Amino acid sequence: MNTSYRRRLGWLALLLLVTCGGAAAQQSRPFAGNLLSPPRQQQGEEDEIKPSRPGVASPAEIPKPGVLQLELGYDSNFRARDVRAEHTLPLTLRYSAAKRLLLHLDFDAVRSETDEQTRARETGVGDTRVGFQVVALEDTTEHPALAFAYFVKLPTADQEKGLGTGRFDHKVVGLLSKKFGETDVDVNVAYLLVGREGEPGREHGGQGAVSVSHDFKNHFGFEAELSGQSLDDVQPRGVFALGALRYKAGPRLAFDAGARFGLNPEAPRVGFFAGMSVGVTRPFKP
């Protein structure tokens, strides 16, 4: 295990210990107060988390201030033009620092790629992405929610193994979200500025995604998404159709699983994923 990987796991463990300690302290209120308050689900309160997985499109609205959201899972792609198989274990932290400000950190804790020609497999740590999201408008009857986000990719993946480009990448995103009853529609449009692999200079590209999700009364739901991008980002370049089944175990816990299909020759033919989103801390009290 290399030094950068141990340092990253150390910072992650420290962050989780601090936030879990804050959550425990918040939950240690007098028992009488808990008796006087009905359960959160019976009060009909909204979910404390707003998952950004499993698709490309993320919601424009963010959780309430004080919520630290942890997302982790498994993701794979098969039969791309240059890569026979790709497996990742993505981990994402999203923290609502204010009512309209979200801080974002994600990385691939494990990344494994098998070359299409040689069938050689390389495994290591993936790249790291940090960024923030600002909500300009909240969802109302007059207009949808509108937000803007910026992310930078830090080249922490091993370039010699072919797991990363070794270059910094930038991404600017515009996000629109609208709720129609129990159905959510998310639209993301992004500008990509990507460093070329093995040579100087940068490439310019775009990304777009439209996601429709619906929740049923039995806690299950589904998500369908159409996305495409001209350069490699979190997903390889190409056009994709995604279908996912979701299950909400509570206001702070959600699971998802499904498949993604490449719709053009450059995209991987198929991919599978599964994961969960957890609210580590509760919202701040007004």
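Each remark here, short or long, concerns the structure printed above.
Residues numbered from 1 in each chain as written. Predicted model: local features only at pLDDT ≥ 70, side-chain atom pairs only at ≥ 80, totals over all residues. Heavy atoms only, no water.

Draft legend 1. The arrangement of the pattern of salt bridges in detail. Under the defined criterion, the tally for this structure stands at 18 salt bridges. For the salt bridge of R252 with E48, the shortest nitrogen-to-oxygen distance reads 3.4 Å. You can see R252 sitting in the loop between β11 (238–250) and β12 (253–262) and its partner E48 sitting in the loop between α2 (31–36) and β1 (68–78), a full 204 residues away along the chain. In this structure, R252 and E48 share a single accessibility class: buried. We note a salt bridge from D215 to R246, for which the minimum N-O separation is 3.1 Å. Linking D215 in strand β9 (residues 202–215) with R246 in strand β11, this pair joins segments that are 31 residues apart in sequence. (Salt bridge = Lys/Arg side-chain N within 4 Å of Asp/Glu carboxyl O. Helix = DSSP H or I, 4+ residues; strand = E, 2+ residues; numbered from the N terminus. Buried < 20%, exposed > 50% of the residue type's maximum accessible area, 1.4 Å probe, protein only.)

Draft legend 2. How the structure looks around unusual backbone geometry. The peptide bond linking R53 to P54 adopts the cis configuration, its omega dihedral lying at 10°. Here P54 is to be found in the loop between α2 and β1. With phi around 60°, R79 is a residue other than glycine that occupies positive phi space. For R79, the location among the structural elements is in the loop between β1 and β2 (83–98).

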